[in-house]
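# Structural characterization, general
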Amino acid sequence: MDTVQSVSIGNCGEEILNVSNLSVFRSGSKVIDEINLSIACGEFVGIVGPNGGGKSTLILTILGILKPKSGTVRIYNQLPLSKGVTGKVGWVPQTASKLPTNVHITVKEFITLGTLNAKSFFLPLKKERLKVKKIIEIVGLEEYTNTRITHLSGGQRQRAAIGKALASNADLILMDEPMVGVDRESRNSIMKLLDGLCHEQNKTIVMISHDLTSIKQTVHRMIYLEEKIRFDGSTIDFPGLSKLAKLRGIEPTHQETDFWETKDSENKDTIILVPGKDGEE
């Protein structure tokens, strides 16, 4: 049974995202079914689940790239891609830090791209330039401002990708496996940065991740998605292996009554969900 929970963080409790009875088909097959979800301003939400469970499909539908078979998605009570949502949603895909080596663009120029929209197609005004400078400081890349982005490490490029999303003034930031290929030290630093954005700037972040251990240490709320939402709640309440198996409908091969309990206590915090090729679920 789906468990839906909305957690208010800090002083910001307004609902930003509402997903109601959402079902999406891809290539004629149902990928997600009857998804109900409410996310409030300031939340940091981690979405985990097996390959093919529907994680990326859900994000792409929220972005308006995929169309639902049934149900609705509302961002600030408006449809995705509608005029009122423009600039309020940022996207950091898994490939954000994978740029061709012949791209001659600096960190400053890359982040500045986030300020461009229908109202600001040409060179940014002084206000935008000051904003970009501040964002570069926030993501910790001041000393690399004029460095070509292809000369940065994977973790530094990922910081730049986050900065580009912030430059759009996005209130809701969607991230699809953003830590793939990022070293441990950079990953820890980026996760702290994202948590700070939620607490200090009331940003709302929804992140797909296969690294359960890392995401449990950072996010405020976890969702387990496998066609349907199997769990939605705090990281503290996230189920161990035996309960998770029951939620997924997996029957134990071994019938001993203490087998699952023993394995559960040994492995409760070591579930690893491995993504498919090129960021596929």
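Each residue is numbered by its place in its chain's sequence as written, counting from 1. Side-chain atom pairs in this predicted model are given and counted only at pLDDT of 80 or more, local residue features only at pLDDT of at least 70, and totals for whole chains, interfaces and linings cover all residues. Side-chain numbers come from the whole structure's heavy atoms, not from hydrogens or water.

### What to know about the packing of aromatic side chains
This is how the line gets drawn: Geometry of aromatic contacts follows a simple scheme: Phe, Tyr and Trp rings, the Trp one being its six-membered ring, pair when their centres are within 6.5 Å, and the pair is stacked under 30 degrees between planes, edge-to-face over 60, tilted otherwise. Going along the chain from the N terminus, every DSSP run of H or I of four or more residues is numbered as a helix, and every run of E of two or more is numbered as a strand. The buried label goes to any residue with under 20% of its type's maximum accessible area, the exposed label to any with over 50%, and the partly exposed label to all in between, with areas taken from a 1.4 Å probe on protein chains only. In this analysis the charged atom, NZ for Lys or CZ for Arg, is taken to sit over a ring once it is within 6 Å of the ring centre and within 35 degrees of the ring normal.
Within the structure shown, the criterion is met by two aromatic pairs. Centroid distance Tyr-224 to Phe-238: 6.5 Å. Interplanar angle 45 degrees. Geometry classified as tilted. Of this pair, Tyr-224 sits in strand 8 (residues 221–226) while Phe-238 is found in the loop between strand 9 (228–234) and helix 7 (241–248), placing the two residues 14 residues apart along the sequence. The exposure class assigned to Tyr-224 is buried, which follows from its relative accessible area of 1%. Looking at Phe-238, the relative accessible area reads 2%, which means it is buried. On the numbers, 5.3 Å between centres and 85 degrees between planes, the contact of Phe-231 with Phe-238 is edge-to-face. For Phe-231, a relative accessible area of 11% corresponds to the buried category. Among the aromatic residues, those joined into a ring-pair cluster are Tyr-224, Phe-231 and Phe-238. Geometry around Phe-25 places Lys-69 over its ring, the cationic atom sitting 5.7 Å from the centre. The side chain of Lys-88 reaches across the aromatic face of Tyr-76, ending 4.7 Å from its centre.

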